[in-house]
Amino acid sequence: MWKTEILKWGTNLMPILQKYKYVFVILLAGLIMLYAGALRDKPEQEIKQETEIFGLENFKEDLQSKLSHIEGAGQVELLLSLEGSEETVYASNVRQSSTGDDNTSYENSLTVLSDGSYGEQPVRTKSICPTFRGAVVLCEGGDQIAVRLAVTEAVSAACGLGADKISVLKMQSK
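Residues numbered from 1 in each chain as written. Predicted model: local features only at pLDDT ≥ 70, side-chain atom pairs only at ≥ 80, totals over all residues. Heavy atoms only, no water.

### Let's talk about the sheet that holds strand β9 (residues 166–170)
Spelled out, the test is: Strand pairing is assigned whenever DSSP detects at least two bridges linking the two strands. Only DSSP runs of H or I with at least four residues qualify as helices, and only runs of E with at least two residues qualify as strands; both kinds are numbered from the N terminus onward. In this description, a line fitted to the C-alpha atoms serves as the axis of each element, helices being fitted only across the stretch in contact, and the angle between N-to-C directions of two axes falls anywhere from 0 to 180 degrees. The criterion used for residue contact is that any of the two residues' heavy atoms lie within 4.5 Å.
Ordered in space as β1-β8-β9, the three strands form an open sheet in which the pairing is mixed. Taken across any chain shown, the strands that pair with only one partner, and hence form the sheet edges, are β1 (76–83) and β9. On average, adjacent strands in this sheet sit at an angle of 15° to one another, irrespective of strand direction. Here β1 runs beside strand β8 (residues 131–139); their pairing, made up of eight bridges, is antiparallel. Across the sheet, residue L80 finds its bridge partner in β8, namely A135. Running at roughly 140° to β1, helix α3 (residues 56–68) makes contact with β1 and β8 of the sheet.

Below, the structure is given as structure tokens:
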């Protein structure tokens, strides 16, 4: 029953498709280009998300894993504190103009890069990552002096922190 209705609907649609076939081809080509553009933008969005915190989560997990391999440390949990946030520096054009007198003016404009029909984006020259303010390490062997010293030295070397900015504590048993 439904097959006959679909066939009837298709036979009614054929004369319309024949009459406007070029319009449908152009419409289909436009839809394909829009879809291709949407696919192209997805990796850029993923890259932005990965670089937002300069890989802090990956760094933290990797360091936590390495610290747990220190003899006697056991299970380790790590908390890193950051000073400020990531800062991005963009390219700019500076134009100097001076009048005959000692009047000099500077005009600063942001350099942008056009990516076709998708708009403009500023040109990023560098990203300044935040610095570490301190670290708290909880580990099962945190009550042993040798373990505390080894963990403090490892975190200090990896994060560039002084020993006074690192606290190593014994993890509460569950």
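Now, onward.
### Some points on the packing of aromatic side chains
Defined as follows: The rule is short: rings of Phe, Tyr and Trp, with Trp giving its six-membered ring, pair when the centres are within 6.5 Å, and they are stacked under 30 degrees, edge-to-face over 60, tilted in between.
According to the stated counting rule, one finds one aromatic pair in the structure shown. Pairing F59 with F132 gives two aromatic rings, centres 5.7 Å apart and planes at 25°, and the pair type is stacked. On the criterion of sequence distance, the pair formed by F59 in helix α3 and F132 in strand β8 is long-range, its members being 73 residues apart.

### Some details on the environment of L169
If you trace the backbone, L169 turns up in strand β9. Along the chain, L169 and C139 lie 30 residues apart, while their C-alpha atoms are 6.4 Å from each other. Those residues in contact with L169, other than ones at most four positions away along the chain, are V136, V137, L138, C139 and G142.

### Here we look at the packing of α3 against helix α4 (residues 145–159)
Short version of the rule: Relative orientations are named as follows: roughly parallel for angles under 35 degrees, roughly antiparallel for angles over 145 degrees, roughly perpendicular for angles from 65 to 115 degrees, and oblique for any other angle. Helix crossings fall into two classes, left-handed where the near helix is turned counterclockwise from the far one by less than a right angle and right-handed where it is turned clockwise.
Between α3 and α4, the least distance of the axes is 11 Å, while the angle of their chain directions is 150°. Relative to α4, the element α3 is oriented roughly antiparallel. Pair α3 / α4 crosses with right-handed handedness. Between α3 and α4, the residues in contact are F59, L63 and L67 and V151, A154, V155, A158 and C159, respectively.

### Things to note about a nonpolar patch on the surface
We count it as follows: What makes a patch is a set of residues exposed beyond 30% relative accessible area and free of salt bridges, joined within 9 Å when like-charged and within 5 Å when nonpolar (Val, Leu, Ile, Met, Phe, Trp, Tyr). Shrake-Rupley sampling with a 1.4 Å probe provides the accessible areas, and residues are treated as covered by the protein chains on show and by no other component. A pairing counts as a salt bridge when a side-chain nitrogen of Lys or Arg comes within 4 Å of a carboxyl oxygen of Asp or Glu.
On the surface, M14, I16, L17, Y20, V23, F24, L27, L31 and L34 cluster together to form a nonpolar patch covering roughly 850 Å² of accessible area. Listed by contribution, the elements that provide at least two residues to the nonpolar patch are α1 (2–19) and α2 (21–51). In terms of residue count, α2 provides more of the nonpolar patch than any other element does, five residues in total. Position of L34 among the secondary structure elements: in helix α2.

### Let's talk about the pattern of salt bridges
Inclusion rule: Exposure categories follow from relative accessible area, calculated using a 1.4 Å probe and restricted to protein chains: below 20% of the type maximum is buried, above 50% is exposed, and the middle band is partly exposed.
For the coordinates displayed, the defined rule picks out two salt bridges. Measuring nitrogen to oxygen at the nearest pair gives 3.2 Å for the salt bridge that ties K66 to D62. Of this pair, K66 and D62 both sit in helix α3, four residues apart, which is roughly one turn of that helix. Judged by relative accessible area, D62 falls into the partly exposed class, the value being 42%. A salt bridge links E83 to R133; its shortest N-O distance comes to 3.5 Å. Here R133 lies in strand β8 and E83 lies in strand β1, a separation of 50 residues in the sequence. Judged by its relative accessible area of 45%, E83 is partly exposed.

### A look at the nonpolar core
We count it as follows: Joining through side-chain atoms within 4.5 Å is the link that ties buried Ala, Val, Leu, Ile, Met, Phe, Trp, Tyr and Cys residues into a set, and such a set is a nonpolar core.
Judged by nonpolar contacts, the single largest core of 18 residues is most densely connected at L67, L80, V137, V151, V155 and C159. The set of elements that each furnish at least two residues to this core consists of α3, β1, β8, α4 and β9.

### Quick look at the environment of E86
Relative to the elements of secondary structure, E86 occurs in the loop between β1 and β2 (87–90). Counting along the chain gives 42 residues from E86 to I128, while the straight-line C-alpha distance between them is 5.8 Å.

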